Each structure stands twice: as C-alpha cells, then as structure tokens.
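# Working through the structure, step by step
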Amino acid sequence: MVSLALLAFGAVACEGSEAGTPNPTAPASGGSSSSAGPSLPPRPQELPLDGVDPCTLLTEQQRASLTFDQPPFPDKQLGGLLKDSPTCSYRSSAEQFGALIIAGTAIGLDEYLGELQANPTRRAIEVRGFPAVQDQMQGTGQGNDACFVDLDVADGQLLELQFGQIAADEDKVLPMETLCAKAVEVAEAALTTLQEQR
C-alpha cells in the first residue's frame, strides 16, 4: 500500500512521529525552535489551503516529470502538530522513492517552527518566492533518509512536502543532497498548481 510505504520512511526518520511530520519533542524535525529559527521574508501572495485536496497539487504531467508511477493516495495526518490535515502520497516503484504533501490549515509556519526543537540541518530557503524551511532527516537504515520543505503559504497555514526513499535497493539509494533537491522540485510543482487553482 502506497501510504504505508511512505509512512515507513517518515516514521523512521522522525523517531515516532506520524506520517513523517516532525514531533515537537523529537531531536530532529521539519521546522525550527522559536529561539533558533531562521528569519523568513514575507510571502509574495496569500495562497489559502482551505478546501484544497493535496492529491490535486501535482498534475498528471508533473507526476510524470517527477517519475511518480503510482496513483496518488489520499489520507489524513494521524498525529503531531498537523493532525487531521489532508495528505497525499506519491510514489515511484521504479525509482523506490516517494513524496508526501500535507495541507496544514490549522497552524502557520512561524507557530509550527516555534513548537519544534532545533535541528542543525535546518535552513531557510525560498521556493518560487515563498519563504520556506528545509530540513534533513537521517533514517536508521539503508534508504530511510528524507528531506522536508515547509512553506509559508497563508496566515495560519502551511504546506509541507516530504521526499524520501522507500526501502531502496542499494543501487537506488540517493544522497541527501538529491533528496532535498527533489523535495524542492516537488514543492515548486505543487506551488505552481496551487497558484493556478487560486
């Protein structure tokens, strides 16, 4: 099942958090503490996520370009700060990697970051002009690494993208640099679609 495979890389990377979403008490997470968080610029526009289905944020053409060869799988976040947020899993069986998109409508990026402990890999980035935070998650075995991108898209709302390996064969394991580049690529595609929807 697609979602279970993605949950596997997320849960391992986040030491017990649900669906890969950072746990406020975990030592490594997809955000930043309020005392050590990166300074973020203002967003270029408001892109509310109310009523947005994350499975519509990657078009068929975008999924093909990103080499996702399995149908998108909708679900809900099971726990953590983004609990009950709609999610969508995307997977490539051939390449043995996957992505998870979470539409968080109950918490903004600043508040989200303030609830999480610092992670030395965390850094502020911009994705299509939108402020974001990128985080690396080291797994506990071959093919269990993941990279997170949290985007400030609207007041009190955030879009989280996770990209990671799924039980990868040795010749399919990607370096963290590539996982993070792909996470940004997925974030760019999702933002492009969201802007078109708005």
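Residues numbered from 1 in each chain as written. Predicted model: local features only at pLDDT ≥ 70, side-chain atom pairs only at ≥ 80, totals over all residues. Heavy atoms only, no water.

### So, the nonpolar core
To keep things clear, this is the line we draw: As used in this record, nonpolar core signifies buried Ala, Val, Leu, Ile, Met, Phe, Trp, Tyr and Cys residues forming a set joined through side-chain atoms within 4.5 Å. Summary of the burial criterion: residues with accessible area below 20% of their type's maximum are buried, those above 50% are exposed, and those between are partly exposed, where the area comes from a 1.4 Å probe applied to protein chains only. Secondary structure elements follow DSSP: runs of H or I of four or more residues count as helices, runs of E of two or more count as strands, with numbering from the N terminus. The criterion used for residue contact is that any of the two residues' heavy atoms lie within 4.5 Å.
Residues Val149, Leu151 and Leu159 are the most contacted members of the largest nonpolar core, which totals 37 residues. Of all the secondary structure elements, the ones that give two or more residues to this core are β2 (86–92), β3 (97–104), β4 (123–127), β5 (130–137), β6 (146–154), β7 (157–165) and α4 (176–197). Top contributing element to this core by residue count: α4, with 11 residues. Those residues in contact with Leu151 that lie beyond four places of it in its chain are Leu109, Val127, Phe130, Pro131, Ala132, Gln157, Leu158, Leu159, Leu161, Ala187 and Leu191.

### Regarding the side chain of Thr87
By the secondary structure assignment, Thr87 is in strand β2. Of the residues examined, Thr87 reaches a relative accessible area of 4% and is grouped as buried. Sequence-distant contacts of Thr87, defined by excluding residues within four places in its chain, comprise Pro54, Cys55, Phe73, Pro74, Asp75, Lys76, Gln77, Leu100, Ile101 and Ile102.

### Regarding unusual backbone geometry
The backbone of Gln96 shows a phi angle near 60 degrees, a positive value even though the residue is not glycine. Position of Gln96 among the secondary structure elements: in the loop between β2 and β3. Of note, the phi angle at Arg128 is positive, near 50 degrees, even though the residue is not glycine. In this fold, Arg128 is placed in the loop between β4 and β5. Judged by its relative accessible area of 45%, Arg128 falls in the partly exposed class.

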